[in-house]
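Observations on the three-dimensional arrangement
Residue strings, one per chain:
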Amino acid sequence: MDQFLIQGGIPLSGEVQVSGAKNSALKLLIASLLCEGRHYFRNVPNLVDIHSTAKLLETLGVKTFFENDLFICDVGPAQQTLAHYDLVRKMRASILVLGPLLTKYGRAQVSLPGGCAIGNRPIDLHIEALRQMGAEITIEEGYVHARASRLKGTKILFDQVTVGGTENVLMAAVLAEGKTVIENAAKEPEIVDLANFLITLGAKIKGQGTSCIEIEGVNSLRASGKEYVVMPDRIEAGTLLLAGAITGGRVKVQQAPPFHLEALFSKLREAGFKIVEEADGVTLESPSGGHRAVDVTTAPYPHFPTDLQAQFMALMCFAHGTSVITETVFENRFMHVPELMRMGADITSKSRVAVVRGRPRGLTGAPVMATDLRASASLVLAGLAAQGQTTVNRIYHLDRGYERLEQKLQCLGAKVERIAT
Ligand code: UD1
């Protein structure tokens, strides 16, 4: 298990390029299941989660490979429809094969993903929506067994905004009979990317990026033969900007998608940072004399993303004043709190609220343990700004979602090394 060794206290400066979005690429690759032929994707990040998805697709009869910078999914006619526990448990997003398999082949058997570090993460909303579209679904021996001769379009009203649920239904609806309307749909940019890709296959979709998505089912889809470019990773971009902020530096993240990070930018500006949004990227400049504490509440897009909550909390540990951070999306997403406290952070947390009393004079380096993907990123950021040496253990969590993070930070002047243990 590799570790990161970080010598903190160096203000980051320079420019760095953001990778393709993990949370979009995963769904695009899975969506290729919906029609036979070769699908070409550019800007797919080289990440553990992408390799896990490729492995899962291989077991479903899809050939996947990188050819230079292109990721290719070659979908043949004879598909398997069983997604094994061993693969699904490694990556919860695997549950998203349920909708495409069911709508294309009339059946699917997909392992239940199980809980994870940031909460129970049930899939009841996915299942209920597919049932409303006419699927017969049972849960037996840890697997979701789903059948439908052909799904039928209907009106789905999600009780709660769910990114994965919206995506599963969206993919199922493109081949369903008639019109599906998803109300209270998630509005995340990754959903827009998925819908845009499905449209290149011949799907009829309107309203992506709003809370009401309309899908007119078609009888079949066709691989476009064209390259589809995965959108930039807004969470990686936000993390790199926060790395600049926490070290009191000045960084430009090239290709950072400005519109997708408005909630973060507004909080950074409130804290005293200067943010310049340009067509080719976003630049962050730190205020002299340190930054102010600001309160943050996470919520579905376009509000402050839960996937940047841990990294923002690390920034608040160094602020002038006290910040209240409220997590409304997941029930157990403060795993980084005890680790930040090992570095001297002053945080009280209860349930979904954390009160962070900033220490403008900083934290001190310490050995810490990564617990989940974004919590790991927050520990790396804290290590970059802390005095002395920080060792972040279990960085395999980071490798699931950040492509060459240590190299990107090094190119901004950070002293961070990967140690194989
Ligand atoms: C996706 C992202 C994840 C991000 C999250 C919220 C991917 C691969 N992951 O996760 O990085 O943090 O969106 O922006 O894209 N819920 C239910 N029942 C369901 C489905 C969800 O109760 O059937 C709950 C979840 O437990 C959670 C909330 O709804 O509390 C939001 O979850 P959801 O939006 O579905 O997150 P994911 O798609 O799993």
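Residues numbered from 1 in each chain as written. Predicted model: local features only at pLDDT ≥ 70, side-chain atom pairs only at ≥ 80, totals over all residues. Heavy atoms only, no water.

An order of 4-5-3-14 is seen for the four strands of this open sheet, with the pairing classed as mixed. Each edge of the open sheet carries a strand with a single partner, namely strand 4 (62-67) and strand 14 (227-229). Taken over all neighbouring pairs, the strand axes of this sheet differ in orientation by 25° on average, direction set aside. Sheet strands touched by helix 2 (residues 48-59): strand 4 and strand 5 (70-75). Its angle to strand 4, the strand with the most contacts, is close to 145°. (Pairing = 2+ DSSP bridges. Helix = DSSP H or I, 4+ residues; strand = E, 2+ residues; numbered from the N terminus. Axes fitted to C-alpha atoms, helices over the stretch in contact; angles between N-to-C directions. Contact = heavy atoms within 4.5 Å.)

Now for the environment of I419. Along the polypeptide, I419 turns up in strand 24 (residues 415-419). Overall, I419 belongs to the partly exposed group, its relative accessible area being 25%. As for I419 and R42, which are separated by 377 residues in sequence, their C-alpha atoms are 30 Å apart. Residues in contact with I419, not counting those within four places in the same chain, are D2, Q3 and L5. (Buried < 20%, exposed > 50% of the residue type's maximum accessible area, 1.4 Å probe, protein only.)

Before going further, it helps to spend a moment on the site of the ligand. In the neighbourhood of the ligand, 19 residues make up the surrounding shell, with D124, L125, T162, D307 and V329 lying closest. Note that an oxygen atom of the ligand is positioned 2.8 Å from one of the backbone N or O atoms of G164. Coverage of the ligand by the protein chains reaches 85% of its 740 Å² of free accessible surface. Looking at the shell around the ligand, the elements with two or more residues in it are helix 1 (22-31), helix 5 (124-132) and helix 6 (163-173). Among the elements that line the shell around the ligand, the one with the most residues is helix 5, at three residues. For the shell around the ligand, the residue count by class is eight nonpolar, six polar and five charged. Residue contributions to the shell around the ligand reach at least three from each of two domains, namely domain 1 (3-18 + 232-419) and domain 2 (22-220). (Near = heavy atom within 4 Å. Polar contact = N/O pair within 3.5 Å; in protein donor to acceptor, adjacent residues only side chain to side chain. Areas by Shrake-Rupley, 256 points an atom, 1.4 Å probe, with all protein chains shown as cover. Nonpolar A, V, L, I, M, F, W, Y, C, P; charged D, E, K, R; others polar. Domains from an automatic or database assignment.)

Glancing now at the domain arrangement of the protein. Its domain assignment divides the protein into domain 1 (3-18 + 232-419) and domain 2 (22-220). Taken over C-alpha atoms, the centre of domain 1 sits 31 Å from the centre of domain 2. Contact with domain 1, which involves 21 residues of that partner, is made by 17 residues of domain 2. Buried area between domain 1 and domain 2, both sides added, is near 1700 Å², and the carbon and sulfur share of it is 53%. (Buried area = accessible area lost by both parts, 1.4 Å probe.)

So, about the pattern of salt bridges. All chains considered together, the criterion is met by 21 salt bridges. In this structure, the salt-bridge partner of R269 is E277, at a minimum N-O distance of 2.9 Å. For E277, a relative accessible area of 30% gives the class partly exposed. Between E406 and R418 there is a salt bridge, and its shortest N-O distance comes to 2.7 Å. Of this pair, E406 sits in helix 14 (residues 405-410) while R418 sits in strand 24, and the two are 12 residues apart along the sequence. Since its relative accessible area comes to 10%, E406 is described here as buried. A network of salt bridges, in which partner residues are shared, links D2, D399, E406 and R418. (Salt bridge = Lys/Arg side-chain N within 4 Å of Asp/Glu carboxyl O.)

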